[in-house]
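Structural description and commentary
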Amino acid sequence: MSNLPFKIAPALCAFLLLGTAPQAWAQDEEAPEAGAPAAKATPNLAIRREFLHSFRSAIARNPDAAADLLEEYLKQQQGRRDSRLLIDIATEAALMLYRHDRANPERALEALDGVVQRFPTTRFRFLAVKTQAEILRTSGKPEEGITLLREAWPQVKNDILDPVMLAVMTESVRTLRALQKPDEAVTLLHEALAMAPPLANWMSFYTMLIETLHDAKRDAEAMQWAALFFRVAPFQEADLQRSTALVTSGWLKAGEVDKPSAFALAQSQAEAPNPLQEVKAPTLPDAVRVALAARVGQEKAPTPARIAMHIVLGQPREAMLDAREMMLKNPRSTNAVREVARVFKAADGDVARANAALVFYRDGEGADPLKTFFADVPAAPAVTP
């Protein structure tokens, strides 16, 4: 591939552990966490702010009257088509009631129950159910919360990672951990990944799974997922810091105190021994492996989510082919170049070659690192049921 006719913004320098942090490159645009659904701007934000401001003042005067005010507001707005907005307002108002008087969660729970009953058909009602479960968990009744969440889960899980599924999944994991049922939480996370393969590109998924595996005393498995987290993380400083912290924590839990410094050194010196390369990939449940492979086949255009799925399946060559295609389609996109760097990181378990590749695409000088990559990395075998 010929040198690309553009330059990328200079890197920001930072330190990570005992080594140098991955270089952070300018973004094309503000974006949510990789894989997470983007929040949509709404002209009704002023309505939300105005009501919640009035509601906060009402709570200070009389919490019972504030609860009545919320009920009256929902009645007045019942004909509105934007049920998401009303549920969002009501859920935040209920949380205000609870935070005002944590010893008396019943007001908030009743308000949320009214929301669920008032909107019996919209999917967004489960955001109120999730908030009910959160209040029950934090008020010492996680058993009641998990009952609500178990009833909701079959109705909200789907393959598009909408905010409803993510909210219910996250609160389910938190509640199961509070109930000291981490193995059940791990099973739920595996089910979610099989149901929604794009979760492979949602970085909070890895944090939840790794922490829950540690709860379950499955430390070796947690370390495997931490290593995968580092490999799959987008080439952005915040994600790499999070994944590095979990890798380091895993080694320290195991008493391998020399490995974090060796890992840090490998980030800047490609020839240095990298202990992450000794950590094998996690064994994916069959349903997860097959679902990821099927989704990769269904999505014809290269995307960051499909690249993440290739990485999780142990297919760095296929991931790099997608990243290269993204870069060729839009040679001015720094996001596409970062996907190339991400795949170098996935293949190597460090950022040394990835950073060198970024320098090449910034300056356009020297040998094309992709030629070496494709010469060294064979195609992965096909995933079959």
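Residues numbered from 1 in each chain as written. Predicted model: local features only at pLDDT ≥ 70, side-chain atom pairs only at ≥ 80, totals over all residues. Heavy atoms only, no water.

**So, the nonpolar core**
Core analysis: the largest hydrophobic core is formed by 117 residues, its most contacted members being Phe-55, Met-169, Leu-199, Phe-205, Tyr-206, Trp-225 and Met-320. In terms of residue count, helix α3 (residues 83–100) provides more of this core than any other element does, 11 residues in total. With near-sequence residues (within four places) excluded, Tyr-206 lies in contact with Leu-199, Ala-200, Trp-225, Leu-228, Phe-229, Val-232 and Val-312. (Core = buried A, V, L, I, M, F, W, Y, C linked by side-chain atoms within 4.5 Å. Buried < 20%, exposed > 50% of the residue type's maximum accessible area, 1.4 Å probe, protein only. Helix = DSSP H or I, 4+ residues; strand = E, 2+ residues; numbered from the N terminus. Contact = heavy atoms within 4.5 Å.)

**Here we look at unusual backbone geometry**
The residue Leu-161 is not glycine, and still its phi comes out positive at about 55 degrees. Although it is not a glycine, Gln-180 sits at a positive phi angle of roughly 60 degrees. When its relative accessible area of 70% is taken as the criterion, Gln-180 is described as exposed.

**With respect to the packing of aromatic side chains**
Using the criterion set out here, one finds 10 aromatic pairs in the structure. When the ring of Phe-205 is compared with that of Tyr-206, the centres are 5.7 Å apart and the planes differ by 90 degrees; the resulting orientation is edge-to-face. For the pair Phe-205 and Tyr-206, a shared accessibility class is recorded, and that class is buried. Feature note: the residues Phe-205, Tyr-206, Trp-225 and Phe-229 constitute an aromatic cluster, connected by ring pairs. (Phe/Tyr/Trp six-rings, centres within 6.5 Å; stacked < 30°, edge-to-face > 60°.)

**Some remarks on the packing of helix α14 (residues 304–312) against helix α15 (residues 316–329)**
Across the interface, α14 lies against α15 with an axial gap of 8 Å and an inter-helix angle of 160 degrees. One finds that α14 runs roughly antiparallel with respect to α15. The handedness of the crossing between α14 and α15 comes out as left-handed. Contacts between α14 and α15 involve Pro-304, Arg-306, Ile-307, His-310 and Ile-311 on the former and, on the latter, Glu-318, Ala-319, Asp-322, Ala-323 and Met-326. Across the contact of α14 with α15, the residue classes break down as 6 nonpolar, 1 polar and 3 charged. (Axes fitted to C-alpha atoms, helices over the stretch in contact; angles between N-to-C directions. Parallel < 35°, antiparallel > 145°, perpendicular 65-115°, else oblique. Left-handed = near helix turned anticlockwise from the far one by under 90°. Nonpolar A, V, L, I, M, F, W, Y, C, P; charged D, E, K, R; others polar.)

**Some points on helix α1 (residues 45–61)**
Between the first and last C-alpha of α1 there are 25 Å, a value that for 17 residues agrees with the 24 Å anticipated at 1.5 Å per step. Contact partners of the buried residues in α1: α2 (63–76) and α3. (Expected span 1.5 Å × (residues − 1).)

**Digging into the packing of helix α11 (residues 237–253) against helix α12 (residues 259–266)**
Axis separation between α11 and α12 bottoms out at 9 Å; the angle between their running directions is 145 degrees. For the pair formed by α11 and α12, the contact residues are Thr-244, Val-247, Thr-248, Trp-251 and Leu-252 on the first element and Lys-259, Pro-260 and Phe-263 on the second.

**Some remarks on the environment of Tyr-206**
By the secondary structure assignment, Tyr-206 is in helix α9 (residues 203–215). Here Tyr-206 falls in the buried class, since its relative accessible area comes to 2%. Sequence separation between Tyr-206 and Val-232 is 26 residues, and the spatial gap between their C-alpha atoms is 9.8 Å.

**Let's talk about the confidence of the model for the protein**
When pLDDT is averaged across the protein, the result is 87; 86% of the residues are at 70 or more. Confidence drops under pLDDT 50 across residues 1–32; counting only partners more than four residues distant or on other chains, this segment forms 72 contacts. (pLDDT = per-residue confidence, 0-100.)

**Description of the side chain of Asp-350**
Tracing the chain through its elements places Asp-350 in the loop between α16 (334–348) and α17 (352–363). No salt bridge is formed by the buried Asp-350, whose closest oppositely charged neighbour, Arg-353, lies at an N-O distance of 6.6 Å. At 3.2 Å, the side chain of Asp-350 and the side chain of Asn-274 are in polar contact. Among the polar contacts listed, one links the side chain of Asp-350 to the backbone nitrogen of Ala-352, at a separation of 3.2 Å. For Asp-350, the residues in contact, after removing those within four places along its chain, are Phe-230, Ala-266, Gln-267, Asn-274, Gln-277, Phe-344 and Lys-345. (Lys, Arg positive; Asp, Glu negative; His and termini not counted. Salt bridge = Lys/Arg side-chain N within 4 Å of Asp/Glu carboxyl O. Polar contact = N/O pair within 3.5 Å; in protein donor to acceptor, adjacent residues only side chain to side chain.)

**Quick notes on α9**
Taking 1.5 Å per residue as the helical rise, α9 with its 13 residues ought to reach 18 Å, and the 19 Å between its terminal C-alpha atoms agrees with that figure. Within the span of α9, buried status applies to Met-203, Phe-205, Tyr-206, Thr-207, Met-208, Leu-209, Ile-210, Thr-212, Leu-213 and His-214. Directly beyond the C-terminal end of α9, a positive phi value near 65 degrees is found at Lys-217.

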